[in-house]
Amino acid sequence: MDFEYKGKTVEILEGDITRIAADAVVNAANEGLRGGGGVDGAIHRAGGPAIMAECRRIGRCPTGQAVITTGGDLPAAYVIPTVGPVWRGGARGEEDLLRSAYEKSLALAVERGLRTIAFPSISTGVYGYPIEQASRVAIGAVLDHLAGETSLEKVIFVLFGAADYAVYEEAMRQAIASRA
Ligand code: AR6
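If you're wondering where the values come from, they're calculated on a predicted model, not measured in any experiment.

1. A look at the overall build of the protein chain
So, step 1. The helix and strand tally for the protein chain stands at five helices and seven strands.
So, step 2. Counted from the first residue to the last, the protein chain has its helices and strands arranged as β-β-β-α-α-β-β-α-β-α-β-α.
So, step 3. For a compact globule of 180 residues, the expected C-alpha radius of gyration is about 16 Å, and the protein chain comes in at 15 Å, within 12% of that figure.
So, step 4. Taking the principal axes of the C-alpha coordinates as reference, the protein chain spans close to 45 × 35 × 30 Å.
So, step 5. For the protein chain, buried positions account for 51% of its 180 residues.
So, step 6. Taking the contacts inside the protein chain whose residues are at least 6 apart along the sequence as the reference set, 68% of them involve residues at least 24 apart.
So, step 7. For the protein chain, the distance from the average position of its 18 positive side-chain charges to the average position of its 22 negative side-chain charges is 5 Å.

2. A closer look at the packing of helix 1 (residues 38-47) against helix 2 (residues 49-58)
So, step 1. Packing of helix 1 against helix 2 brings their axes to within 6 Å, and their N-to-C directions diverge by 120°. Taken together, the axes of helix 1 and helix 2 are oblique relative to one another. Across the interface between the two elements, Ile-43, His-44 and Gly-47 from helix 1 touch Pro-49, Ile-51, Met-52 and Cys-55 from helix 2.
So, step 2. By residue class, the composition of the contact of helix 1 with helix 2 is five nonpolar, two polar and no charged.

3. Thoughts on helix 5 (residues 162-179)
So, step 1. Spanning 18 residues, helix 5 covers 26 Å between terminal C-alpha atoms, matching the ideal 26 Å at 1.5 Å per step.
So, step 2. Looking at helix 5, one finds that the buried residues are Tyr-165, Val-167, Tyr-168, Glu-169, Ala-171, Met-172 and Ala-175.
So, step 3. Turning to helix 5, the residues buried within the fold contact strand 1 (2-5), strand 2 (8-14), helix 3 (94-111), helix 4 (131-146) and strand 7 (154-159).

4. What to know about the sheet that holds strand 5 (residues 78-82)
So, step 1. With mixed pairing, the seven strands of this open sheet are ordered in space as 1-2-7-6-3-5-4. Strands with a single pairing partner mark the edges of an open sheet, and in this sheet they are strand 1 and strand 4 (69-70).
So, step 2. Where strand 3 (residues 24-28) meets strand 5, five bridges bridge the pair, whose relative direction is parallel. In the strand pairing of strand 5, Val-25 is matched with Val-79.

5. Quick look at the site of the ligand
So, step 1. Close to the ligand lie 22 residues, the nearest being Asn-30, Asp-40, Ser-123, Gly-125 and Val-126.
So, step 2. Contact distances for the ligand include 2.8 Å between an oxygen atom and a backbone N or O atom of Ser-123.
So, step 3. In the environment of the ligand, an oxygen atom lies 3.4 Å from a nitrogen or oxygen atom belonging to the side chain of Asp-164.
So, step 4. The protein chains hide 90% of the 700 Å² of surface that the ligand would expose on its own.
So, step 5. Among the residues forming the shell around the ligand, the class breakdown is nine nonpolar, 10 polar and three charged.

6. Here we look at the packing of aromatic side chains
So, step 1. In total, this model carries five aromatic pairs according to the counting rule given.
So, step 2. For the ring pair Tyr-102 and Phe-157, a centre distance of 6.4 Å and an interplane angle of 55° mean the geometry is tilted. With Tyr-102 in helix 3 and Phe-157 in strand 7, this residue pair connects regions lying 55 residues apart in the sequence.
So, step 3. Between Phe-157 and Tyr-168, the ring centres sit 5.4 Å apart and the planes meet at 45°, which makes this aromatic pair tilted. Here Tyr-168 lies in helix 5 and Phe-157 lies in strand 7, a separation of 11 residues in the sequence.

7. Regarding the environment of Ala-29
So, step 1. Looking at the secondary structure, you find Ala-29 in the loop between strand 3 and helix 1.
So, step 2. Residue classification places Ala-29 among the buried residues on the basis of a relative accessible area of 7%.
So, step 3. Considered as a pair, Ala-29 and Ser-123 are 94 residues apart in the sequence and their alpha carbons are 9.1 Å apart.
So, step 4. Contacts of Ala-29, omitting those with residues within four sequence positions, involve Asp-40, Pro-81, Thr-82, Val-83 and Tyr-127.

Calculation rules
Residues numbered from 1 in each chain as written. Predicted model: local features only at pLDDT ≥ 70, side-chain atom pairs only at ≥ 80, totals over all residues. Heavy atoms only, no water. Helix = DSSP H or I, 4+ residues; strand = E, 2+ residues; numbered from the N terminus. Rg over C-alpha atoms; globule rule 2.2 N^0.38 Å. Buried < 20%, exposed > 50% of the residue type's maximum accessible area, 1.4 Å probe, protein only. Contact = heavy atoms within 4.5 Å. Lys, Arg positive; Asp, Glu negative; His and termini not counted. Charge placed at Lys NZ, Arg CZ, Asp CG, Glu CD. Axes fitted to C-alpha atoms, helices over the stretch in contact; angles between N-to-C directions. Parallel < 35°, antiparallel > 145°, perpendicular 65-115°, else oblique. Nonpolar A, V, L, I, M, F, W, Y, C, P; charged D, E, K, R; others polar. Expected span 1.5 Å × (residues − 1). Pairing = 2+ DSSP bridges. Near = heavy atom within 4 Å. Polar contact = N/O pair within 3.5 Å; in protein donor to acceptor, adjacent residues only side chain to side chain. Areas by Shrake-Rupley, 256 points an atom, 1.4 Å probe, with all protein chains shown as cover. Phe/Tyr/Trp six-rings, centres within 6.5 Å; stacked < 30°, edge-to-face > 60°.

See the structure below:
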């Protein structure tokens, strides 16, 4: 479903992020950029070895930061690996780190003048961040970004499964209503 905000579009979509033809797709990576399961595994499988080759050259990405690589064989031109926090109960700076992961990813996209970017639900898989809370952080960071000066015209949240999709759609409705 598409939502309009400040003249830009936020799309909430159920699907596989490796199939999205945005200018950049964000990867939920680990600090060692070593690849892994979940969306990280899917992106490296679909995108081919060029992405991992660049990750090796870059080396590391601290939690809350982001880097940028080729999109390899993906329909997206770039991959933006970012590292969300591991959930440890919520009092260890998780919210600030998750917000930072979104902000740094958006900033890298703007540095390249990109117009469209797609995010998975960072940290809500293996890293255990409760999705209701994570969805509010993710959407808040994106809407705050879109309210400022940006090259981005469209941000897509790609959710894996109907339950996750419903959580993000509801969080998006509430965020738009509370900002109206
Ligand atoms: N497209 C979109 N979303 C997906 C896809 C896909 N193809 N596959 C899974 N998801 P996770 P994290 C969803 O575990 O919690 C990796 O091993 C998934 O359902 O991928 O940030 C890394 O290497 C979930 O909602 O990322 C790190 O070590 C969301 O993506 C660690 O996991 C994120 O789940 C990062 O953990």
